[in-house]
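Listed below are the residues making up each chain.
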Amino acid sequence: MNALAVAALAAWGLLSQPAPPAHAAEPGVEPPAVTRTLPPGGTATIAKVVHTPTVPPKPDIVLLADTTGSMGSAIANVKVNAADIVTAVSGAQSGAQFAAANYRDAGDAVPFAVDQGLTADPALVQAGVNAWTAGGGGDFAEDGLNALYQLATGAVTFRPDGTRIVVIFGDAPSHEPSNGHTRAEVIAALQAADVRVVAVNVGAGGGLNQGGQIKAVTDATDGVFLDNVPAGEVSDAILAGIQAIEVTVTPSADCDDPLSLSLSPASRTVTSGDDAAFSETVEVDGGAAGGTYHCEVDFLIDGTSRGYVQTLTVHVPGLSVYDVQVNEGAGSVDFTVTLSVPAPFPVSVSYATTTGSAGAADYTAKSGVLTFAPNETLKTVTVPIADDAVDELNETFKLGLSSPSGAGLTDPSGEATIVDNDRDGAFTCSATALNLAGQLAAQANPANSPCVDATAAGPDNTFNAGLVTVKTTGLSASTDLTPDSQSATPAAGDKAVATSAAGSTKITVAGLVTIEVGYINATASATCATGPGGLVPQFAGSSTITNLKINGATVTVGSGPVTIPLVVGSLKLNSTTTTATGVTQQALVLDTLLTDLVIGEAKAGVTGTPTHPAGTPCRA
């Protein structure tokens with residue numbers, strides 16, 4: 001700012017308008033927070049404005065007065081308006097501190113003195129200023145340079161993070177050297193202490209700036225020179241000079257990987273209260289994964305953080321595909337592919353299935369490209385799967401994402417688990433109406449496993465084996481499976497039933513024993529029923545014999561098991577044998593030393609599979 005402009009500021013009477021205009025922006029960064037959504041490799045440019053304070057931040061201001069005899073009117077003006085100066089500066093910067101000091105000529109008794117150290121107490125500041133009296137001074141030149149040197153080298157204690165300002169006002173130049181200090185030494189000391197000098201030349205003529213002396217100091221310290229200021233306007237000029245100090249705004253950025261940030265210009269110097277404009281460009285690394293990243297930019301004022309911080313949030317859309325689990329009978333698997341945030345631009349990604357424990361027979365391979373329209377966040381990839389009838393372990397395959405455009409990869413692999421819906425076992429069943437020493441008659445489902453629907457019948461016949469003769473009528477056997485299709489999900493009531501019967505039977509053994517039997521029926525069943533932890537197989541067997549005679553004598557027979565000793569062996573009736581995997585029901589068993597006879601046998605049970613050796617058809 002040139003001297004004429006500053007002089008004009010003083011003439012405007014700033015003390016009568018200590019507050020900034022109503023429309024002035026509050027100090028800080030605008031906008032203070034920005035959010036952008038960018039793809040990997042993307043950039044965005046953001047305009048930033050730093051509203052600087054009308055008074056430099058945290059000012060430590062020393063009012064340095066020439067108190068020689070010619071300065072009476074100027075000193076009086078400052079005394080009257082000192083409180084207004086303090087009020088105006090503190091209104092803009094609540095942490096402001098002030099000190100009062102004065103200088104005279106080297107020949108005076110006290111050529112330099114600090115009347116009040118730095119304080120925020122207005123009363124103490126006023127008292128320090130009130131201590132000034134005009135007097136002394138020998139020749140024309142005074143010792144202002146010495147006073148500046150003393151202030152720069154410890155006469156007052158500046159705060160480490162304060163803006164250090166010395167406001168000197170006077171009407172005469174300084175001796176050179178001044179108390180042994182050259183102009184260059186004084187400037188070097190002020191620069192080392194980071195002190196800005198505001199100089200107010202009272203009256204017309206060279207005065208304080210004779211030979212360009214004080215302006216050399218203000219220029220070297222980034223200060224302000226106010227020229228030709230009438231004695232009655234010195235206090236106005238002091239405030240104008242403080243407000244005219246330039247500040248340098250320098251952005252300092254700290255970003256998460258994978259963001260990089262540049263600002264143009266690298267710094268900007270403006271008058272306090274003016275705006276410093278910057279162009280900010282953020283760039284996302286081309287290999288960035290999807291996620292949310294941040295930058296923090298601290299706009300330093302004269303190299304010190306003053307809290308003018310801007311936060312930048314960058315959302316990089318991330319593509320994810322999720323795991324899924326389906327029943328083998330579902331027909332297809334739907335993979336869900338998502339974008340973590342809506343993107344204002346199109347996003348595409350390639351996809352392809354890869355085998356796991358599930359192979360080509362289990363699903364149809366699929367590949368392609370998904371394209372998300374702007375602001376779209378969800379897509380579905382449908383993969384057909386096959387439903388077989390083989391009991392097997394759950395099987396898996398994957399859908400992988402690759403070659404994204406406009407987004408990063410967050411979770412690029414989703415696994416599909418095909419839950420086997422085939423039973424862990426099978427029902428077994430068989431029925432035999434007669435078995436005489438291996439001679440079989442009316443046998444249903446002789447394979448036994450798996451159980452199938454079957455029927456068998458035998459003609460009326462006479463069978464001989466050794467000393468045993470059997471004459472029978474009405475032989476029949478059947479097996480029945482419910483449901484007929486075992487691909488259905490296991491349910492309570494699923495079962496296998498075996499039944500065998502004989503109409504009437506006469507047995508003779510070596511002419512010693514004659515056994516006459518009425519209607520014989522045997523039934524065995526394996527049924528899925530609710531048990532601990534789910535469905536379990538339950539086994540049941542029963543048989544009936546309507547009447548029995550042995551050598552003409554009637555024998556009463558119920559439904560329970562009976563063993564009758566004979567001279568040729570034994571006769572067992574209604575025998576039920578149950579194991580962990582099934583039941584065998586035998587209505588009549590003749591056990592002799594040489595020949596065995598079974599009439600009315602039914603079997604039902606369960607068996608596992610190679611995958612589940614201990615499994616049952618009641619589980620899948």
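Residues numbered from 1 in each chain as written. Predicted model: local features only at pLDDT ≥ 70, side-chain atom pairs only at ≥ 80, totals over all residues. Heavy atoms only, no water.

Colleague: Tell me about the overall build of the chain, and please be specific about residues and values.
Modeller: Looking only at helices and strands, the chain features 7 helices and 41 strands. A compact globule built from 620 residues would reach a C-alpha radius of gyration of about 25 Å, whereas the chain, at 54 Å, exceeds it by more than 25%. Along the longest, intermediate and shortest principal axes, the C-alpha atoms of the chain span 170 × 45 × 40 Å. Residues classed as buried in the chain amount to 48% of the 620 residues present. Once local pairs closer than 6 in sequence are excluded, the contacts in the chain between residues at least 24 apart make up 70%. For the chain, the accessible area works out to roughly 25,700 Å², and carbon and sulfur atoms hold 52% of it. (Helix = DSSP H or I, 4+ residues; strand = E, 2+ residues; numbered from the N terminus. Rg over C-alpha atoms; globule rule 2.2 N^0.38 Å. Buried < 20%, exposed > 50% of the residue type's maximum accessible area, 1.4 Å probe, protein only. Contact = heavy atoms within 4.5 Å. Areas by Shrake-Rupley, 256 points an atom, 1.4 Å probe, with all protein chains shown as cover.)

Colleague: Mind laying out the state of the cysteines, listing which residues take part and the relevant values?
Modeller: According to the stated counting rule, one finds 3 disulfides in the structure shown. Each disulfide pairs two cysteine sulfurs, and for Cys-255 the partner residue is Cys-295, the sulfurs being separated by 1.9 Å. Measuring handedness by torsion sign, the sulfur bridge of Cys-255 and Cys-295 sits at about 115° and is right-handed. A residue pair is termed long-range when its members are at least 10 positions apart, and Cys-255 in strand E10 (residues 246-255) and Cys-295 in strand E14 (residues 291-301) qualify at 40 residues. (Disulfide = S-S within 2.5 Å.)

Colleague: For the sheet that holds strand E28 (residues 461-465), give the residues involved together with the corresponding values.
Modeller: A sheet is described by the order of its strands in space; here 6 strands give the open sequence E28-E29-E32-E33-E36-E37, paired in antiparallel fashion. Bordering the open sheet on either side are E28 and strand E37 (553-555), each of which pairs with just one other strand. In this sheet, neighbouring strand axes are inclined to one another by 20° on average, regardless of whether the strands run parallel or antiparallel. Pairing between E28 and strand E29 (residues 468-473): 5 bridges, direction antiparallel. Its bridge partner being in E29, Asn-464 is matched across the sheet by Thr-469. (Pairing = 2+ DSSP bridges. Axes fitted to C-alpha atoms, helices over the stretch in contact; angles between N-to-C directions.)

Colleague: Before we move on, can you summarise the nonpolar core with the specific residues and values?
Modeller: Core analysis: the largest hydrophobic core is formed by 36 residues, its most contacted members being Val-89, Trp-132, Phe-169, Val-234 and Ile-238. Top element by residues in this core is helix H2 (residues 72-92). It accounts for 8 residues. Discounting residues that sit within four places of it in the chain, Ile-238 has contacts with Leu-63, Val-78, Ile-85, Val-167, Phe-169 and Val-200. Core analysis: the second largest hydrophobic core is formed by 32 residues, Ala-502, Ile-545, Leu-548 and Leu-597 among them. (Core = buried A, V, L, I, M, F, W, Y, C linked by side-chain atoms within 4.5 Å.)

Colleague: Which residues make up the sheet that holds strand E13 (residues 275-284), and what values go with them?
Modeller: Taken in spatial order, the 4 strands line up as E1-E3-E13-E11 in an open sheet, and their pairing is antiparallel. At either end of the open sheet lies a strand with only one pairing partner, and these are strand E1 (28-30) and strand E11 (259-264). Mean inter-strand twist for the sheet, computed between neighbouring axes without regard to direction, equals 30°. Bridging between E11 and E13 involves 6 bridges; their strand directions are antiparallel.

Colleague: Requested: an account of the pattern of salt bridges, with residues and values cited.
Modeller: Summed over the entire model, instances satisfying the criterion amount to 7 salt bridges. With a shortest N-O distance of 3.2 Å, Glu-376 and Lys-379 are connected by a salt bridge. When its relative accessible area of 27% is taken as the criterion, Glu-376 is described as partly exposed. By relative accessible area, Lys-379 is classed as partly exposed at 21%. (Salt bridge = Lys/Arg side-chain N within 4 Å of Asp/Glu carboxyl O.)

Colleague: Outline the packing of aromatic side chains, supporting the account with residue identities and numerical values.
Modeller: Scanning all chains against the criterion turns up 4 aromatic pairs. Between Phe-335 and Phe-397, the aromatic rings sit 5.8 Å apart at their centres with planes inclined by 80°, giving edge-to-face as the arrangement. In this pair, Phe-335 sits in strand E18 (residues 332-339) while Phe-397 sits in strand E22 (residues 395-405), placing the two residues 62 residues apart along the sequence. According to the relative accessible area criterion, Phe-335 is buried, its value standing at 0%. Here Phe-397 falls in the buried class, since its relative accessible area comes to 0%. (Phe/Tyr/Trp six-rings, centres within 6.5 Å; stacked < 30°, edge-to-face > 60°.)

Colleague: Lay out a negative patch on the surface with the relevant residues and their values.
Modeller: A surface patch of negative charge is lined by Asp-254, Asp-256, Asp-257, Glu-283, Asp-285 and Glu-296. Structurally, the position occupied by Asp-285 is in the loop between E13 and E14. Note on Asp-285: relative accessible area 44%, which makes it partly exposed. (Patch = residues over 30% accessible without salt bridge, like charges linked within 9 Å, V, L, I, M, F, W, Y side chains within 5 Å. Lys, Arg positive; Asp, Glu negative; His and termini not counted. Charge placed at Lys NZ, Arg CZ, Asp CG, Glu CD.)

Colleague: Break down the side chain of Asn-574 for me, with residues and values.
Modeller: Topologically, Asn-574 is positioned in strand E39 (residues 569-578). For Asn-574, the side chain forms a polar contact with the main-chain oxygen of Gly-558, separated by 2.8 Å. Ignoring any residue separated from it by four or fewer positions in sequence, one finds Asn-574 in contact with Ser-543, Thr-544, Ile-545, Val-557, Gly-558, Ser-559, Gly-560, Pro-561, Gln-585, Gln-586 and Ala-587. (Polar contact = N/O pair within 3.5 Å; in protein donor to acceptor, adjacent residues only side chain to side chain.)

Don't take any of this as a statement about function, it's just geometry.
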